Amino acid sequence: MAQSNLIAIDLAKNIFQVAQFQGSKLKSNKQASRRALLELLVKAKPSVVAMEACASAQYFARTAQSFGHKVMLLDPLFVKAFRQGQKTDANDAIAIAIASKVPNVRTCKILSIEEQALQSLSKVRALADKQKIQLSNQIRGLLLEFGIVINQSEAAFKAAIPDILEDAENTLPLELKHALALTYALYQQQCDNKVE
């Protein structure tokens, strides 16, 4: 490998652990602020930059690439096997460095901004769908405790709830009807606010 410099970064929100190697020699293993990390990436000679594939990894991978570095995003489960001692940021940075040098290293794809946006949209949609199902399941379960059964389909659920909430003769207390109406409104928002 032509690039003998290695920068192993344990990512975080604001304070990052950065281990710098020249060849196999550890030059430093220090904390850096977000600004200091970006400055380091700008000023450093072209290096291999290794990070775990976790929150903000795609952003820092694209940023490091834009400064001429070769980036490796490593599977966190793969890196875990190389940690020695207690789980600390300093030990994590060293584990990332060691893991990046093994022959069978498992790397993750670095996504373009467009690919990242598509992946993010997919996750937002999945969460909205999950929440919609959770809301309908909660309403169904609460109603079952009062002997009210709704057929198993989204259409049946949407048709039944307004009637149940307006029915003055069922045994539902007014406070519960109010809470169910609020929960159903959240459900409807999830249905109406489809992420395109």
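(A) Structural view of helix H5 (residues 113-144). In this model, H5 (32 residues) spans 46 Å end to end at C-alpha, consistent with the 46 Å of a helix rising 1.5 Å per residue. For H5, every residue scored as buried is listed here: Gln116, Ala128, Lys132, Leu135, Ser136, Ile139, Arg140 and Leu143. Residues of H5 that are buried make contact with helix H2 (57-66), helix H6 (154-166) and helix H7 (174-192).

(B) Quick look at the sheet that holds strand S3 (residues 25-33). Strand order across the open sheet formed by six strands is S3-S2-S1-S4-S5-S6, with mixed pairing between neighbours. Either end of the sheet is taken by a strand with one partner, and the two such strands are S3 and strand S6 (107-108). Docked against the sheet, helix H1 (residues 34-43) engages strand S1 (5-10), strand S2 (15-22), S3 and strand S4 (48-52), running at close to 140° with respect to S3.

(C) Fine view of the pairing of S1. When you tally the buried positions in S1, you get six out of six residues, the bulk of the element. In S1, alternate side chains face the same way, and those of Asn5, Ile7 and Ile9 on one face and Leu6, Ala8 and Asp10 on the other are all buried. Where S1 lies against S2, six bridges are found, and the strand directions are antiparallel. By the bridge assignment, Leu6 is partnered in S2 with Phe21.

(D) Looking closely at the side chain of Ser47. One can find Ser47 in the loop between H1 and S4. Within the local environment of Ser47, its side chain forms a polar contact with the backbone oxygen of Lys45, the two atoms lying 2.6 Å apart.

(E) Here's a closer look at the nonpolar core. Ranked by size, the top nonpolar core spans 19 residues in total, and within it Ile9, Val49, Met51 and Val71 carry the most contacts. At the level of secondary structure, the elements contributing two or more residues to this core comprise S1, S2, H1, S4, H2 and strand S5 (70-74). Per-element tally for this core: the top contributor is H2, with four residues. Those residues in contact with Val49 that sit more than four places away from it in its chain are Ile7, Ile9, Leu41, Ala64, His69, Lys70, Val71 and Met72.

The rules we used
- Residues numbered from 1 in each chain as written.
- Predicted model: local features only at pLDDT ≥ 70, side-chain atom pairs only at ≥ 80, totals over all residues.
- Heavy atoms only, no water.
- Helix = DSSP H or I, 4+ residues; strand = E, 2+ residues; numbered from the N terminus.
- Expected span 1.5 Å × (residues − 1).
- Buried < 20%, exposed > 50% of the residue type's maximum accessible area, 1.4 Å probe, protein only.
- Contact = heavy atoms within 4.5 Å.
- Pairing = 2+ DSSP bridges.
- Axes fitted to C-alpha atoms, helices over the stretch in contact; angles between N-to-C directions.
- Polar contact = N/O pair within 3.5 Å; in protein donor to acceptor, adjacent residues only side chain to side chain.
- Core = buried A, V, L, I, M, F, W, Y, C linked by side-chain atoms within 4.5 Å.

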